[in-house]
Amino acid sequence: MEFLLYPILYGLSGFFMKISDDVYDEKHNKILASLIGILCGVVSGIITSSSVDGAYIFLGILIGNFIALKVDGIHHVVTLIVFLAVSLYLSIPTLNLLLLAVIIISALIDEIGNDNEKIYAKSKFLMYFFDYRFAMKVVILILALFGYLNLWTFLFFLCFEIAYEIGRVLFERYLINWDL
């Protein structure tokens, strides 16, 4: 039963993450962005506590963003606090620090490359690669193919990424014009 929930939980996490960020960045609504961030923190914390692979992914994203100095708003701080509170309350699985470091580095590479005009100017491929944060996707896939992560985890991570993009599209098409 839990297994069937992972695609939904990963998707909700990605969707809430993107909507929270866009509400903060584009609408400058700190309260709504923080409330949506709370939902993201809860869902991500549940995944982190219930799945070793999920813990690698969400801690990797968190630490990679933190190192890249992308934790840049109150909504991020609120999400971080809720995520850590839920994860610690429910218990974080024991992790291999080398594997976690690889995933953190992939998340960091994505964050350094994303929205980086110097990198985007080098080629359309790099712009696409970093615009959609492919470094972590490639690393998660390779780790799954070599048996360090479950192959289903890669598919769940794709649910996160697809929902993140759905959030972006919905925001740009509909929510950007709403008075939030």
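Residues numbered from 1 in each chain as written. Predicted model: local features only at pLDDT ≥ 70, side-chain atom pairs only at ≥ 80, totals over all residues. Heavy atoms only, no water.

## Description of the overall build of the protein chain
Stated formally: Secondary structure elements follow DSSP: runs of H or I of four or more residues count as helices, runs of E of two or more count as strands, with numbering from the N terminus. Every radius of gyration here is taken over C-alpha atoms, with the globule rule written as 2.2 Å times N^0.38, N being the number of residues. Accessibility here uses a 1.4 Å probe with only protein chains present; expressed as a share of the type maximum, an area under 20% marks a residue as buried, one over 50% as exposed, and anything in between as partly exposed. Residue contacts are counted whenever heavy atoms from the two residues lie within 4.5 Å of one another.
A count of helices and strands for the protein chain gives nine helices and zero strands. Secondary structure elements of the protein chain occur, N-terminal to C-terminal, as α-α-α-α-α-α-α-α-α. For the protein chain, the C-alpha radius of gyration of 16 Å lies close to 16 Å, the compact-globule estimate for 180 residues. Across its three principal directions, the C-alpha atoms of the protein chain cover 45 × 40 × 30 Å. For the protein chain, with 180 residues in total, the buried portion stands at 49%. Partitioning the contacts of the protein chain with sequence separation of at least 6, the portion at a separation of at least 24 is 73%.

## Re the packing of aromatic side chains
The line we're drawing: Between the rings of Phe, Tyr and Trp (Trp by its six-membered ring), a pair exists once the centres lie within 6.5 Å; its type follows the angle of the planes, with under 30 degrees stacked, over 60 edge-to-face, and the other angles tilted. Two conditions define a charge sitting above a ring: the NZ of Lys or the CZ of Arg must be within 6 Å of the ring centre, and it must be within 35 degrees of the ring normal.
In this structure the tally under the stated criterion is 14 aromatic pairs. Ring geometry for tyrosine 128 and tyrosine 132: centres 5.0 Å apart, planes at 50°, overall tilted. Relative accessible area serves as the criterion here: at 49%, tyrosine 128 is assigned to the partly exposed category. The class for tyrosine 132 is partly exposed, based on a relative accessible area of 27%. Ring centres 5.1 Å apart and planes at 85° place the aromatic pair phenylalanine 129 and phenylalanine 130 in the edge-to-face group. With a relative accessible area of 10%, phenylalanine 130 lands in the buried category. By way of ring pairs, the aromatic residues Tyr6, Tyr10, Phe58, Trp152, Phe156, Phe157, Phe160 and Tyr164 are connected into one cluster. For the cation-ring pair, lysine 137 lies above phenylalanine 134, with the distance from its terminal atom to the ring centre recorded as 4.9 Å.

## A short note on the state of the cysteines
Which entries qualify depends on this criterion: The disulfide criterion used throughout: a pair of cysteine sulfur atoms within 2.5 Å.
One pass over the full model with this rule turns up zero disulfides. With no disulfide of its own, cysteine 40 lies 15 Å from the sulfur of cysteine 159, the closest cysteine sulfur. Residue classification places cysteine 159 among the partly exposed residues on the basis of a relative accessible area of 26%.

## Things to note about helix α9 (residues 151–173)
Helical geometry note: an α-helix holds 3.6 residues per turn, so side chains three or four residues apart project in the same direction. What counts, and what does not: Expected span of a helix, by definition, is 1.5 Å for each gap between consecutive residues, and there is one gap fewer than residues. Counting of polar contacts relies on pairs of N or O atoms within 3.5 Å, with two restrictions inside protein: one atom must be capable of donating a hydrogen and the other of accepting it, and residues adjacent in sequence are counted only when both atoms are side-chain atoms.
If you check α9, its first and last C-alpha atoms are 33 Å apart, about what 23 residues at 1.5 Å a residue would give, namely 33 Å. Restricting attention to buried positions, one finds in α9 the residues Thr153, Phe154, Phe156, Phe157, Phe160, Glu161, Ala163, Tyr164, Glu165, Gly167 and Phe171. If you check the start of α9, you find a side-chain oxygen 2.7 Å away from the backbone N of tryptophan 152, and it comes from asparagine 150.

## Re unusual backbone geometry
When glycine is set aside, most residues are seen to have a negative phi, and most peptide bonds are trans. Notably, serine 91 is not glycine yet its phi reads approximately 95°, a positive angle. Note that serine 91 resides in the loop between α4 (74–90) and α5 (97–113). A positive phi angle, close to 60°, is found at aspartate 115, a residue other than glycine. Structurally, aspartate 115 is set in the loop between α5 and α6 (117–120).

Don't take any of this as a statement about function, it's just geometry.
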